[in-house]
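One letter stands for each residue in the lines below.
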Amino acid sequence: MGSRASSLLREEDIEEIKKETGFSHSQITRLYSRFHSLDKGENGALSREDFQRIPELAINPLGDRIINAFFPEGEDQVNFRGFMRTLAHFRPVEDNEKNKDPTAEPLNSRNNKLLFAFRLYDLDRDDKISRDELLQVLEKVDVEQKMSIRFLH
Ligand SMILES: [Ca+2]
């Protein structure tokens, strides 16, 4: 089943995603079959409902925010490319050596990770974290721990 799903992904797409996200070839094909199995509508994109079926996210207090991070403003579907771009923020910083592209800051750089975490707090997306937004999160979490998504491994 996994091989059928990965065969839908073209080799040149894999190369581009590799460059953009730093994931390895085998990680990309594995995540593609995961993406494919989550895609209940079988339209090549995931909806919020598709994400909500992931048990690890369903029980995660930050689950809704993490799910939101996959969707560009105003959109309710995310394709595989967008899915991978968001996942790239979760890659450990030390993996940066391979696939280094000097023209672009890797998505998993410290800066981009911070920005990503910031956006998890900034619920109304006004580029500021209000006292209330901060308190809502602090009540619940150790962000570092909650940001680890076990289904990726
Ligand atoms: Ca805000």
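The rules behind each value
Residues numbered from 1 in each chain as written. Predicted model: local features only at pLDDT ≥ 70, side-chain atom pairs only at ≥ 80, totals over all residues. Heavy atoms only, no water. Patch = residues over 30% accessible without salt bridge, like charges linked within 9 Å, V, L, I, M, F, W, Y side chains within 5 Å. Areas by Shrake-Rupley, 256 points an atom, 1.4 Å probe, with all protein chains shown as cover. Salt bridge = Lys/Arg side-chain N within 4 Å of Asp/Glu carboxyl O. Helix = DSSP H or I, 4+ residues; strand = E, 2+ residues; numbered from the N terminus. Phe/Tyr/Trp six-rings, centres within 6.5 Å; stacked < 30°, edge-to-face > 60°. Lys NZ or Arg CZ within 6 Å of the ring centre and 35° of its normal. Contact = heavy atoms within 4.5 Å. Donors = N, O, S within 2.8 Å, 3.2 Å for Na, K, Ca; no water. Tetrahedral: all angles 85-135°; square planar, octahedral: opposite > 155°, others 65-115°. Buried < 20%, exposed > 50% of the residue type's maximum accessible area, 1.4 Å probe, protein only. UniProt positions renumbered as here; feature names shortened; annotations may be inferred. 1 Å grid on protein atoms, 1.4 Å probe; cavity = no way out; pocket = protein on both sides within 12 Å on 5 of 7 lines; lining within 4 Å. Points joined across faces, edges and corners; volume = space filled by probe spheres on them. Nonpolar A, V, L, I, M, F, W, Y, C, P; charged D, E, K, R; others polar. Core = buried A, V, L, I, M, F, W, Y, C linked by side-chain atoms within 4.5 Å.

> Would you mind showing me how to read a nonpolar patch on the surface here?
Judged by side-chain polarity, Ile129, Leu134, Leu135 and Leu138 come together as a nonpolar surface patch covering roughly 310 Å² of accessible area. As for its position among the elements, Ile129 is in the loop between α8 (110-121) and α9 (131-140).

> I'm lost on the packing of aromatic side chains in this one. Help?
For any pair of aromatic rings, geometry is given as the distance between the ring centres together with the angle between the planes. Enumeration according to the criterion identifies ten aromatic pairs in this entry. Here the aromatic rings of Phe35 and Phe80 are separated by 5.3 Å at their centres, their planes lie at 70°, and the arrangement is edge-to-face. Residue Phe35 is located in helix α3 (residues 25-38), and its partner Phe80 is located in helix α7 (residues 80-87); the two are separated by 45 residues in the primary sequence. The structure contains a cluster of three or more aromatic residues connected by ring pairs, namely Tyr32, Phe35, Phe51, Phe70, Phe71, Phe80 and Phe83. Sitting over the ring of Phe71, Arg48 keeps its end group 4.3 Å from the ring centre.

> Is there a simple way to think about the environment of Ile17 in this case?
Structurally, Ile17 can be placed in helix α2 (residues 11-21). Along the backbone, Ile17 and Met84 are 67 residues apart, and their C-alpha atoms lie at a distance of 7.5 Å. In this structure Ile17 touches Gly22, Ile28, Phe80, Arg81 and Met84, once residues within four positions along its chain are discounted.

> Could you clarify how one ought to interpret the coordination of the calcium ion in this entry?
Put simply, a metal with four donors set out as a tetrahedron has ideal angles of 109.5 degrees, and one with six donors set out as an octahedron has ideal angles of 90 or 180 degrees. Coordination sphere of the calcium ion, protein contribution only: Asp122 (OD), Asp124 (OD), Asp126 (OD), Lys128 (O), Glu133 (OE) and Glu133 (OE), at 2.2 to 2.6 Å. Coordination geometry of the calcium ion: the six donor atoms subtend angles of 51 to 157° at the metal centre, consistent with an arrangement described as irregular. The class for Lys128 is exposed, based on a relative accessible area of 56%. We classify Glu133 as buried; its relative accessible area is 6%.

> I would appreciate a short explanation of unusual backbone geometry in the present structure.
What is expected of a backbone is that most residues other than glycine have negative phi and most peptide bonds are trans. The residue Glu42 is not glycine, and still its phi comes out positive at about 50°. With a phi close to 55°, Arg125 is a non-glycine residue in the positive phi region. Position of Arg125 among the secondary structure elements: in the loop between α8 and α9.

> Just to check I follow, could you spell out the UniProt feature "domain: EF-hand" (unreviewed entry) in the chain for this structure?
Using the residue numbers shown here, the UniProt feature "domain: EF-hand" (unreviewed entry) corresponds to residues 26-61 and 109-144. What you have in residues 26-61 is 61% helix and 6% strand, and the ends, taken at the C-alpha atoms, are 30 Å apart.

> Which parts of the structure should I look at to understand the layout of surface pockets?
To find leftover empty space, one rolls a probe the size of a water molecule over the atoms. Volume-wise, the second largest pocket comes out at about 440 Å³. What lines the second largest pocket is a set of 21 residues, and nearest its centre among them are Asn68, Ala69, Phe71, Arg119 and Arg125. For the lining of the second largest pocket, the elements supplying multiple residues, two or more each, are α6 (63-69), β2 (78-79), α7 and α8. Class assignment of the residues belonging to the lining of the second largest pocket gives a composition of eight nonpolar, six polar and seven charged.

> What is the right way to read the nonpolar core from this model?
In this structure, Ile28, Phe51, Phe70, Phe80, Phe83, Met84 and Leu87 are the most contacted members of the largest nonpolar core, which totals 28 residues. Of all the secondary structure elements, the ones that give two or more residues to this core are α2, α3, α6, α7 and α8. With five residues, α3 is the single largest residue contributor to this core. Non-local contacts of Phe51, meaning those with residues more than four positions away in its chain, are made with Leu46, Leu57, Ile67, Phe70, Phe71, Val78 and Phe83.

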